[in-house]
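Remarks on the overall topology
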Amino acid sequence: MSSAFRETALSSASSSTTAFGPFTPPANGEKAVARAHRDPEKGPAFFDNDESECPDGGLKAWLCVVGISCGLCATFGFVNAWGIFQAYYEEYTLRTMSPSDIAWIGSMQYALVFMPGLAFGRLFDMGYLRLPVGLASALLVACTFLTGECKEFWQFILCQGFGIGLASGTVFTAACGVVPHWFNKKLGLAFACMAAGSSIGGAVFPIILKNLIEHQSFQWTLRIMGFIVATFLLVLNLTISRRLPPKPRPGPFINLSMFKSPVYAIYSVSLFVGFLGIYTCLTYLSISGVVAGIDPNLAFYLLSIANASSLLGRLGGGILSDRVGPMNVLIPGTFLAGIMTYAWPFATTKGPLIFIAVIYGISSGVYVAILGQPIVGMGKITDVGMRAGMTFSLMSLGALAGPPISGAILDHTGSFKNVGYYAGSAIMLSVVLMLVARHLLLGKLFGKA
């Protein structure tokens, strides 16, 4: 997904000799924004971004972050409001269908946020940015309007699952590729600010949806949401821009030989396994509250509480990872998310449910915010885009399958406890695999990783 994830922003030549041969400073003493180096085997020119030239701030850089944050609010934040749709469809529009079948709509959204990274990430490397982002924005607004007109399950799958998911994935991929163009030393902070948009959207959109549904028809609710989403996407399209030139020959879209690296392969599998369970609590938190007998109004707000709390995890995790290493932050955060997933079905009163929502939100925010950063150190910087794209495409399969599996368990057992056992165990297995990957990467018990 983040095809240029530090790829262009960190492939600098700060020393006197580079991997491509001697580096000669400009004779006139002027700084070069991008220098070209020749490699007889790979092509005529590779552009290196000098770290000293990376602005690490400034009006244009931070405007880009603000715009991307608005874009993620309208995409990832909107997708994170799926729990409201799940509850509404179960009670009204699709009440004749099982929860596990309905969950396929939301899981397709989650999966397509990450799955397009392999293709659109490479398009970003080739220089395409505004065109795919503009087309994705138009698709997202159109599908939001059309979702309000849907009556059949296949229509929801097509418009809300596939259309909104694919558009969100395109914007997300572009966002993660652009930020490293503008930030280097403050990259963690920039990514944390960028991710804040999805937390804000995930907190605000469920509240807006709930209140609109109570006072408007479902059709007009989605139309109003379409206009809100369009406003955020307009800001994104006006401010997003790349700073560095595209790579002339970005290479193939996929290279399966990278999975021969044990560290990379194990970490990729850990993300796949983690996504089999990480979104289960978020999907069924509101529904379980209603079943437990708490005030339905409060139960609907649990989703917003969890998403708002994830803002702390995203900001804190992003900043802390620059200091102690992403794996050292990711593993404890994921472990805590697993504990909360185990505990969630046993919370049947207002206080415990709010506590679960807050702690789960913070820990899952850490997980989502920095899960891509360890990939940077697992191979060559020049291959990080492809490496990240393959990992997130694999991870998206877990996001696709996780909620329906949880729904099937709920259908057959009728107990949220069994759902919690499954999802929590998947997250804990992911933690074990992360620990193995960290040991292989670091080679010792303590250290920055």
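Residues numbered from 1 in each chain as written. Predicted model: local features only at pLDDT ≥ 70, side-chain atom pairs only at ≥ 80, totals over all residues. Heavy atoms only, no water.

Describing the overall build of the chain
What counts, and what does not: We count a stretch as a helix when DSSP gives it H or I for four or more residues in a row; a strand needs E for two or more, and each element gets its number in order from the N terminus. Burial classes: relative accessible area under 20% of the type maximum marks a residue as buried, over 50% as exposed, and values in between as partly exposed (1.4 Å probe, protein chains only). In what follows, residue pairs with any heavy atoms lying within 4.5 Å of each other are defined as contacts. We get accessible surface area from the Shrake-Rupley algorithm with a probe of 1.4 Å; when it comes to residues, only the shown protein chains can shield them.
Across its full length, the chain carries 17 helices and four strands. Residues counted as buried form 57% of the 449 residues belonging to the chain. Sequence-distant contacts, at least 24 apart, represent 82% of the contacts inside the chain between residues at least 6 apart. Counting only carbon and sulfur atoms, one obtains 68% of the accessible surface of the chain, whose full area is about 17300 Å².

Overview of the confidence of the model for the chain
Filter applied, for reference: Looking at any residue, its pLDDT shows the predictor's confidence there, from 0 to 100.
Averaged over every residue, the pLDDT of the chain is 81; residues scoring 70 or more account for 86%. Ranking the elements of the chain by mean pLDDT puts strand β1 (residues 17-18) last, at 34, and helix α10 (residues 218-239) first, at 95.

Some details on the packing of aromatic side chains
Cut-off, in case you're wondering: Two rings belonging to Phe, Tyr or Trp (six-membered ring only in the last case) form a pair when the distance between their centres is within 6.5 Å. Interplanar angles under 30 degrees mark stacking, angles over 60 mark edge-to-face geometry, and anything in between is tilted.
For the structure shown, the criterion picks out 24 aromatic pairs. Summarising the aromatic geometry, the rings of Tyr 89 and Phe 218 are spaced 6.1 Å apart at their centres and angled 70 degrees between planes, so their arrangement reads as edge-to-face. Here the residue Tyr 89 occupies a position in helix α4 (residues 82-91), and Phe 218 occupies one in helix α10, the gap between them amounting to 129 residues. Given the relative accessible area of 9%, Phe 218 is considered buried. Among the aromatic side chains, those forming a connected cluster through ring pairs are Phe 78, Trp 82, Phe 85, Tyr 88, Tyr 89, Tyr 92, Phe 156, Phe 205 and Phe 218.

As for the nonpolar core
Counted only if it meets this: Buried residues of nine kinds, namely Ala, Val, Leu, Ile, Met, Phe, Trp, Tyr and Cys, make up a nonpolar core once their side-chain atoms join them within 4.5 Å.
One finds Ile 68, Tyr 89 and Tyr 267 to be the most contacted residues of the largest nonpolar core, which totals 113 residues. Residue contributions to this core peak at 13 residues, all from helix α8 (residues 153-182). Excluding anything up to four places from it in sequence, Tyr 89 contacts Trp 82, Leu 94, Arg 95, Ile 102, Ile 105, Thr 147, Phe 156, Gln 160 and Phe 218.

Side note on helix α15 (residues 350-370)
Inclusion rule: The span you would expect from a helix comes to 1.5 Å times its residue count less one.
Between the first and last C-alpha of α15 there are 31 Å, a value that for 21 residues agrees with the 30 Å anticipated at 1.5 Å per step. Within α15, burial applies to Leu 353, Ile 356, Ala 357, Tyr 360, Gly 361, Ser 363, Ser 364, Gly 365, Val 366, Tyr 367, Val 368 and Ile 370. Close packing links the buried residues of α15 with α3 (76-79), α11 (262-275), α12 (280-292), α13 (296-324), α14 (326-343) and α17 (416-442).

Comments concerning the side chain of Arg 387
Note the cut-off: Definition of a polar contact: a pair of N or O atoms within 3.5 Å, with one able to donate and the other able to accept a hydrogen when the atoms are protein atoms, and with sequence-neighbouring residues admitted only if both atoms are side-chain atoms.
With respect to the secondary-structure elements, Arg 387 resides in helix α16 (residues 384-413). From its side chain, Arg 387 meets the backbone oxygen of Ile 375 in a polar contact 3.1 Å long. Excluding residues that lie within four positions of it along the chain, Arg 387 makes contacts with Met 258, Tyr 264, Ile 375, Val 376, Met 378, Gly 379 and Lys 380.

Some points on the environment of Trp 182
Looking at the secondary structure, you find Trp 182 in helix α8. Measuring from C-alpha to C-alpha, the distance between Trp 182 and Ala 61 comes to 5.7 Å, with 121 residues separating the pair along the chain. For Trp 182, the contacting residues outside a window of four places in its chain are Cys 54, Pro 55, Asp 56, Gly 57, Lys 60, Ala 61, Cys 64, Ser 241, Arg 242 and Arg 243.

Brief notes about the environment of Gly 177
One can find Gly 177 in helix α8. When the C-alpha positions of Gly 177 and Asp 125 are compared, they lie 8.6 Å apart, and in sequence the two are 52 residues distant.

Some points on the pattern of salt bridges
For side chains of opposite charge, pairing can occur when their charged atoms come near one another. Rules: Every case where a carboxyl oxygen of Asp or Glu lies within 4 Å of a side-chain nitrogen of Lys or Arg is listed as a salt bridge.
Following the criterion strictly, the structure yields two salt bridges and no others. Put simply, Arg 223 and Glu 149 hold a salt bridge, and the shortest N to O gap is 2.9 Å. Here the residue Arg 223 occupies a position in helix α10, and Glu 149 occupies one in the loop between α7 (130-147) and α8, the gap between them amounting to 74 residues.

Some thoughts on a nonpolar patch on the surface
Defined as follows: Exposure above 30% relative accessible area and no salt bridge define the residues that can form patches, which grow by joining like charges within 9 Å and nonpolar side chains of Val, Leu, Ile, Met, Phe, Trp and Tyr within 5 Å.
On the surface, Met 126, Tyr 128, Leu 131, Leu 135, Phe 253, Ile 254 and Leu 256 cluster together to form a nonpolar patch covering roughly 720 Å² of accessible area. With respect to the helices and strands, Phe 253 occurs in the loop between α10 and α11. Relative accessible area serves as the criterion here: at 38%, Phe 253 is assigned to the partly exposed category.

Examining unusual backbone geometry
A positive phi is found at Asp 56, a non-glycine position, where the angle reads about 50 degrees. Mapped onto the elements, Asp 56 comes out in the loop between β4 (43-49) and α2 (59-74).

Focus: the packing of α4 against α12
For any two helices packed against each other, the geometry is given by the interaxial angle and the distance between the axes. So the rule is basically this: Axis definition: a line fit to C-alpha positions, over the contact stretch in the case of helices; interaxial angles, taken between N-to-C directions, run 0 to 180 degrees. Any angle from 65 to 115 degrees is called roughly perpendicular, while one under 35 is roughly parallel, one over 145 is roughly antiparallel, and all others are oblique. Rotating anticlockwise by less than a right angle from the far helix to the near helix defines a left-handed crossing, while the corresponding clockwise rotation defines a right-handed one. Residues are grouped as follows: Ala, Val, Leu, Ile, Met, Phe, Trp, Tyr, Cys and Pro are nonpolar; Asp, Glu, Lys and Arg are charged; all remaining types, including Gly, are polar.
Close contact between α4 and α12 brings their axes to 8 Å; oriented N to C, the two are set at 50 degrees. As the angle between them shows, α4 and α12 are arranged oblique. Crossing handedness for the pair α4 and α12: right-handed. In contact with Trp 82, Gly 83, Gln 86, Ala 87 and Glu 90 of α4, α12 contributes Thr 283, Tyr 284 and Ile 287. By residue class, the composition of the contact of α4 with α12 is four nonpolar, three polar and one charged.

Looking at the side chain of Ser 198
Following the sequence through the fold, Ser 198 ends up in helix α9 (residues 187-215). A polar side-chain atom of Ser 198 sits 2.7 Å from the main-chain carbonyl oxygen of Ala 195. Residues contacting Ser 198, with those up to four places away along its chain left out, are Leu 72, Cys 73, Phe 76, Gly 77, Asn 80 and Arg 314.

Considerations on the packing of α4 against helix α5 (residues 99-114)
Two numbers describe how α4 lies on α5: the axes approach to 10 Å, and their chain directions differ by 155 degrees. Taken together, the axes of α4 and α5 lie roughly antiparallel to each other. Judged by the sense of rotation from one axis to the other, the crossing of α4 with α5 is right-handed. Residues Trp 82, Gln 86, Tyr 89 and Glu 90 of α4 form the contact with α5, whose own contacting residues are Pro 99, Ile 102, Ala 103, Ile 105, Gly 106, Gln 109 and Tyr 110. Split into classes, the residues belonging to the contact of α4 with α5 amount to seven nonpolar, three polar and one charged.

Concerning α4
For α4, the buried fraction is high: eight of the ten residues fall into the buried class. Of all the residues in α4, the buried ones are Trp 82, Gly 83, Ile 84, Phe 85, Gln 86, Ala 87, Tyr 88 and Tyr 89.

Concerning the environment of Phe 227
Relative to the helices and strands, Phe 227 resides in helix α10. Each C-alpha atom, one on Phe 227 and one on Phe 145, is 8.8 Å from the other, the two residues being 82 residues apart in sequence.

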